[in-house]
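Given next are the chains, with one letter for each unit.
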Number of protein chains: 2
Amino acid sequence: MGGDFGPRSIVQASLACLNATPSLHLTLVGQPSLLEEMLSGQTAVDRARLTITPASEVITMDEKPAQALRSKSDASMRVALELLRDDKVQACVSAGNTGALMALSRYVLKTLPGIDRPAMVAAIPTRTGFCQLLDLGANVDCSAEHLLQFAVMGSVAAETLGIARPRVALLNIGTEDIKGNQQVKLAATLLQGARGINYIGFVEGDGVYRGEADVVVCDGFVGNILLKSSEGLATMIGERIESLFRQSLASRMVGALALPLMRRLQADLAPARHNGASFLGLQGIVIKSHGSAGVQGFQSAINRAVIEIQENLPERLHGRLEDLLT
Amino acid sequence: MGGDFGPRSIVQASLACLNATPSLHLTLVGQPSLLEEMLSGQTAVDRARLTITPASEVITMDEKPAQALRSKSDASMRVALELLRDDKVQACVSAGNTGALMALSRYVLKTLPGIDRPAMVAAIPTRTGFCQLLDLGANVDCSAEHLLQFAVMGSVAAETLGIARPRVALLNIGTEDIKGNQQVKLAATLLQGARGINYIGFVEGDGVYRGEADVVVCDGFVGNILLKSSEGLATMIGERIESLFRQSLASRMVGALALPLMRRLQADLAPARHNGASFLGLQGIVIKSHGSAGVQGFQSAINRAVIEIQENLPERLHGRLEDLLT
């Protein structure tokens, strides 16, 4: 029921995913009358694989997480997470209030043993492919131990996406040992001694886009700034190129070549909006789609949930943490 | 004598600036025989406005600041700063080791009253013009008071570049009061009560490039990551567009339109490399040019020094700090 535009695009994305993935079952959680009305206009709905679980309340996008946690026991987001906790579903996907989703996820699902705080991860494009960047804003102040936990989680997440021995780096303002703040320096020491992680050292901001690492670890403040400034910069470059291409007929004709590239890049650089971001470290799979995600964006988020289910991400993570921490 | 490629491009940039600015006098600090040799090949050198001050030692690019400070009393960088301290020159421009330049600047020149730590500022391009971003890496851990001082310094720096009542914002991961870490939240409270600053609130990463503020304040870790990741992203986008334009003859022809734009953007996004960054908060004007700056980059850095001399930047800053802190 959340998101900036309500459930309409979520319903459409759900139907598209059901058509594309025959083994998929979906449960829509929210106000039944509204959801039924949206479904009634659609053709070819396989209702055997689409159920509705009622929830009477909605957490708004600007509601404080603590308040949402205390006061709305029948919020769609909460009921969805309870379905996950009770093994009625295998993953939860939401376009709602990020802070509330994180707070409710921690409260309802709990974190995995060895994880103090869940992290938010998404893939950003690089010169050579993609890199998993975490944390993206769930944790603003992080200790070295938190960064170590993020590194483990990011590494396992990259493996589930098909990357063998992912190269894990700490984001820093230089590559020499003496650079950086205390948390980063201490995290480097912890990572050097950590089993089962292919830790390659520090990476700088430009190195992220050069593809120097498969997993880049930082605190949520820095990760959020990196991600959003990149999104803003890509948008600005796209606008400048568009305006350049409007200046002459010849340039308009060839602008058609460059603009799709820029649009794809802009989409890749807004992964939370377009492809969904995973919450890692919970006893369950939770995918955050952007509040303003369109149909395609929410489809991507559902697809990411399917991959994490197939790869048993939380169980793999649990096993890896046991190896590492014992 | 510093920089990745030694003094050759610095000598050339100096000569170009002397030709372009008739009122300019320059002093080259370094090994006289080497500098004379480089000058001997040049025509039309106005030696009345170009002097050489000898310095026998050179601080290398990977030398630790503390070591450079202790052991090299006749380093070109140090001698140049001493000329500035002794009023023999009005500004110091260097392409050398950033950390050493900052440490030596603080030691030789001292900070202005009311400033705990100098900051490094540079202009980055936005949708609507430019914004002054600081700190860029001189200070990794900052208190709220440091951020307040950066805000004052950035505001005055923007004014000297011709911006009336510059809009000053704190970089944060959200625009609501509850967002961010403790330092940022506390700095917001301090800035709300600060006289003489046009504080407009929080700005997010994407808002920086949307041009929401003229001055964006953050700690040096975050600023460095934002700047370098932007530089890396712009380079990556430029490469992708170039490769796209190589794919067909028609696209090659029109690629000529887009590539200069991308090169200019890439240059703008590497301000420390291309346009010089200012050290603010010192009792003297110090401009850092990038270690790999070419002739044009170092010329820009000299020009920035000239502007700061004309605008009396340190004196203006001193006056503003007195107003604010008393």
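One can find the structure itself at the top, above this paragraph.
Residues numbered from 1 in each chain as written. Chains lettered and ligands numbered in written order. Predicted model: local features only at pLDDT ≥ 70, side-chain atom pairs only at ≥ 80, totals over all residues. Heavy atoms only, no water.

Enquirer: How would you sum up the side chain of Asn97 of chain B? Please name residues and give values.
Expert: All names here are of chain B. Within the secondary structure layout, Asn97 lies in the loop between strand S3 (91-94) and helix H5 (98-109). Given a relative accessible area of 6%, Asn97 falls into the buried group. Residue contacts for Asn97: discarding those within four places in its chain leaves Ile59, Thr60, Met61, Asp62, Glu63, Met77 and Lys288. (Helix = DSSP H or I, 4+ residues; strand = E, 2+ residues; numbered from the N terminus. Buried < 20%, exposed > 50% of the residue type's maximum accessible area, 1.4 Å probe, protein only. Contact = heavy atoms within 4.5 Å.)

Enquirer: Give a detailed account of the interface of chain B and chain A, specifying residues and quantitative values.
Expert: At the interface, 48 residues of chain B touch 48 residues of chain A. When the two sides are added together, the surface that chain B and chain A hide from each other amounts to roughly 4,300 Å², 76% of it contributed by carbon and sulfur. Our enumeration of links across chain B and chain A arrives at four salt bridges. For Lys228 of chain A, the salt bridge goes to Glu204 of chain B, with nearest N and O atoms at 2.2 Å. Counting across the chain B and chain A interface gives six residue pairs in polar contact (both at pLDDT 80 or more). Those elements that provide at least two residues to the side of chain B that touches chain A are strand S4 (119-126), helix H7 (182-192), helix H8 (205-210), helix H9 (220-245) and helix H10 (249-268) of chain B. No other element matches H9 of chain B, which puts 19 residues into the side of chain B that touches chain A. Here the side of chain B that touches chain A is composed, by residue class, of 26 nonpolar, 14 polar and eight charged. (Buried area = accessible area lost by both parts, 1.4 Å probe. Salt bridge = Lys/Arg side-chain N within 4 Å of Asp/Glu carboxyl O. Polar contact = N/O pair within 3.5 Å; in protein donor to acceptor, adjacent residues only side chain to side chain. Nonpolar A, V, L, I, M, F, W, Y, C, P; charged D, E, K, R; others polar.)

Enquirer: How would you sum up the packing of helix H4 (residues 76-85) of chain A against helix H5 (residues 98-109) of chain A? Please name residues and give values.
Expert: A packed helix pair is summarised by two numbers, namely the angle formed by the two axes and the spacing between the axes. Residues and elements named next belong to chain A. At a minimum axis distance of 10 Å, the contact between H4 and H5 shows a crossing angle of 35 degrees. The way H4 lies across H5 gives a crossing that is right-handed. In this structure, H4 uses Met77, Arg78, Leu81, Glu82, Leu84 and Arg85 to contact H5, whose residues at the interface are Ala100, Leu101, Leu104, Ser105, Tyr107, Val108 and Leu109. A class-by-class count of the residues in the contact of H4 with H5 yields nine nonpolar, one polar and three charged. (Axes fitted to C-alpha atoms, helices over the stretch in contact; angles between N-to-C directions. Left-handed = near helix turned anticlockwise from the far one by under 90°.)

Enquirer: Describe the relation of the copies chain B and chain A, listing the residues and the values that go with them.
Expert: Aligned on chain A, chain B shows an RMSD of 0.0 Å; the corresponding rotation is 180 degrees and the shift along the axis is 0.0 Å. Viewed as a symmetry operation, the transformation between the two copies matches a two-fold axis. The overlap is high: 100% of the interface residues of chain B also sit at the interface in chain A, so the same surface is used on both sides. (Least-squares fit on C-alpha atoms with pLDDT ≥ 70 in both.)

Enquirer: So what's going on with the sheet that holds strand S9 (residues 277-280) of chain B? Residues and values would help.
Expert: Spatially, the eight strands line up as an open sheet ordered S3-S10-S9-S4-S5-S8-S6-S7 (chain B), and their pairing is mixed. For this open sheet the edge positions go to S3 and strand S7 (198-203) of chain B, each flanked by a neighbour on one side alone. Taken pair by pair, the neighbouring strands of this sheet meet at an average axis angle of 30 degrees, ignoring direction. Pairing analysis gives four bridges linking S3 of chain B to strand S10 (residues 285-288) of chain B, with the strands arranged parallel. Bridge pairing in S10 of chain B links Ala91 of chain B to Ile285 of chain B. Its contacts with the sheet place helix H9 (residues 220-245) of chain A against S4 and strand S6 (167-171) of chain B, and it is angled at close to 40 degrees to S4 of chain B. (Pairing = 2+ DSSP bridges.)

In short, geometric facts, not functional conclusions.
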